[in-house]
Amino acid sequence: MLIAIDHGNKQMKTVHKVFASALTESDTRPPFGDDILEYGGKFYSLSGSRIPYLRDKTIDGRFFILSLFAIAYEIEAAGAYSPDEIMDVQLAVGLPPAHWGTQAAKFEGYFLGKDVLSFTFKGKPHDIYINEAVCFPQAYAAIIPIYNRLREMAKAVVVDIGGYTVDYMPLKNGKEDTSAYDSLENGVIFLYNSIKSKVNADLDLLLEDSDIDSILNGSTGDFNEAVVLLVEKRAQSFVDDLVGQLRERMIDLRVGKTVFVGGGCILLRRQIEACDKIGSAVFVDEITANARGYEVLYRASRARR
């Protein structure tokens, strides 16, 4: 079974499921919750406190456990669960462009070379064997669903705002310019930290990531006006500064089309549309776009064999 996973520092995404990159480990079964995974004598559940940023996600086993959650969710979504069979799994995964060249092989190896993996999820026993893992570049994968449309654009830039990185990729008639394909380490996690520090300093309040998400998504009823204004102002400054950083790298978003992909772009769409330093913007309003792209790229690569 082919399973595509986008391992974000803020969220894990598969084709059918999005959940926080947040994990709680326990020696005993938690008293609450149904989505509990038991593996290697430990119990794991998803929490609201995300894992601190890891440039190298293979440094420990947390993203591996999150991957088991993702695999279990996809097996469930496909109706493919079978308690009496060992399921062969092929993984299609990805990394930011700036990390892909040096870490792709290591990230693929992170999932390979293991025996049959036995775990229990939602009380159901699973046995899987990961026989292949292939890593693709983020941002490029996210545009695959609209690639034919991009081929008609003389000049475009793909911008993928993630949790920790902002990936960008210039295109000419749909063909990527790999010499200018890179990442900035300035994703929405930096925005969250900036907002939380400012709100704490100015208003003596403690905000969580989910509070900031609610405000930026327009659900402001539970927050006072001062908090809302501060969050909105900081978010706009973040977008304006980001565009300035791209310009320093000779990427002018006033020229040609800018294709915004990823969860950060969806979250900050109002601020992006309000920025006068961006010309014509196209939005891919699908948070699972990278995962869907990994799946398509994997199938295409195997068809060429």
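### Quick notes on a nonpolar patch on the surface
A grouping of Ile-86, Val-116 and Tyr-129 is seen on the molecular surface, where their side chains present a nonpolar patch of about 250 Å² in accessible area. Along the chain, the position of Val-116 falls in the loop between helix H2 (97–111) and strand E8 (117–121).

### Points about the pairing of strand E14 (residues 257–261)
Judged by how many residues are buried, E14 sits mostly within the fold: four of five residues are covered. Bridge count between strand E10 (residues 156–161) and E14: five bridges; the pairing is parallel. Note that in E14 the partner of Ala-156 across the bridge is Lys-257. Two strands pair when backbone bridges link them, and E14 and strand E15 (residues 280–283) are joined in this way by four bridges, in the parallel orientation. Considered in E15, the bridge of Val-259 is made with Val-282.

### Some details on the sheet that holds strand E7 (residues 87–95)
Read across the open sheet, the nine strands follow the order E3-E2-E1-E7-E9-E8-E5-E6-E4; overall the sheet is mixed. In this open sheet, the two edge strands, each paired with only one partner strand, are strand E3 (18–20) and strand E4 (23–26). Across the sheet, the mean angle from the axis of one strand to that of its neighbour is 30 degrees, orientation sign disregarded. One ladder, built from three bridges, connects strand E2 (residues 11–14) with E3; its direction is antiparallel. For Gln-11, the partnering residue across the bridge sits in E3 and is Ala-20. Relative to the sheet, helix H1 (residues 62–77) contacts strand E1 (2–7), E2, E3, E4, strand E5 (36–39), strand E6 (42–46), E7, E8 and strand E9 (124–137), its axis offset from that of E1 by approximately 135 degrees. Each of E1, E2, E7 and E9 is contacted by helix H9 (residues 289–303), which is oriented at about 135 degrees to E1, the strand it contacts most.

### Describing the packing of helix H4 (residues 188–203) against helix H5 (residues 209–216)
The N-to-C vectors of H4 and H5 enclose an angle of 100 degrees; their axes lie 10 Å apart at closest approach. Between H4 and H5, the interaxial angle falls into the category roughly perpendicular. From H4, Leu-191, Tyr-192, Ile-195 and Lys-196 reach across to H5, where they touch Asp-209, Ile-212, Asp-213 and Leu-216. Class assignment for the residues of the contact of H4 with H5 results in five nonpolar, no polar and three charged.

Rules of the game
Here the residue numbers are simple positions, counted from 1 along each chain's written sequence. pLDDT decides what is reported in this predicted model: residues at 70 or higher carry local features, side-chain atom pairs at 80 or more are listed and counted, and totals for whole chains, interfaces and linings draw on all residues regardless. To get the side-chain values, all heavy atoms of the structure are used, and hydrogens and water are removed first. Here, patches come from residues exposed beyond 30% relative accessible area and free of salt bridges, joined within 9 Å for like charges and within 5 Å for nonpolar side chains (Val, Leu, Ile, Met, Phe, Trp, Tyr). Surface exposure here means Shrake-Rupley accessible area, sampled with a 1.4 Å probe, where a residue is shielded only by the protein chains that are shown. The rule for a salt bridge is simple: a side-chain nitrogen of Lys or Arg has to be within 4 Å of a carboxyl oxygen of Asp or Glu. In DSSP terms, a helix is any run of H or I states spanning at least four residues, a strand is any run of E spanning at least two, and both are numbered starting from the N terminus. Think of it in three bands: residues with accessible area under 20% of the maximum for their type are buried, residues over 50% are exposed, and the middle band is partly exposed, with areas taken using a 1.4 Å probe on protein chains only. Here a strand pair is declared whenever DSSP counts at least two bridges between the two strands. Between the N-to-C directions of two axes lies an angle of 0 to 180 degrees, each axis being a line fitted to C-alpha atoms and, for a helix, fitted only over the stretch in contact. We call two residues contacting when some pair of their heavy atoms lies within 4.5 Å. Angle categories are assigned with fixed cut-offs, so that under 35 degrees is roughly parallel, over 145 is roughly antiparallel, 65 to 115 is roughly perpendicular, and the rest are oblique. Only Asp, Glu, Lys and Arg are considered charged, only Ala, Val, Leu, Ile, Met, Phe, Trp, Tyr, Cys and Pro nonpolar, and every remaining residue, Gly among them, polar.

These results come straight from atomic positions and should not be treated as a statement about function.
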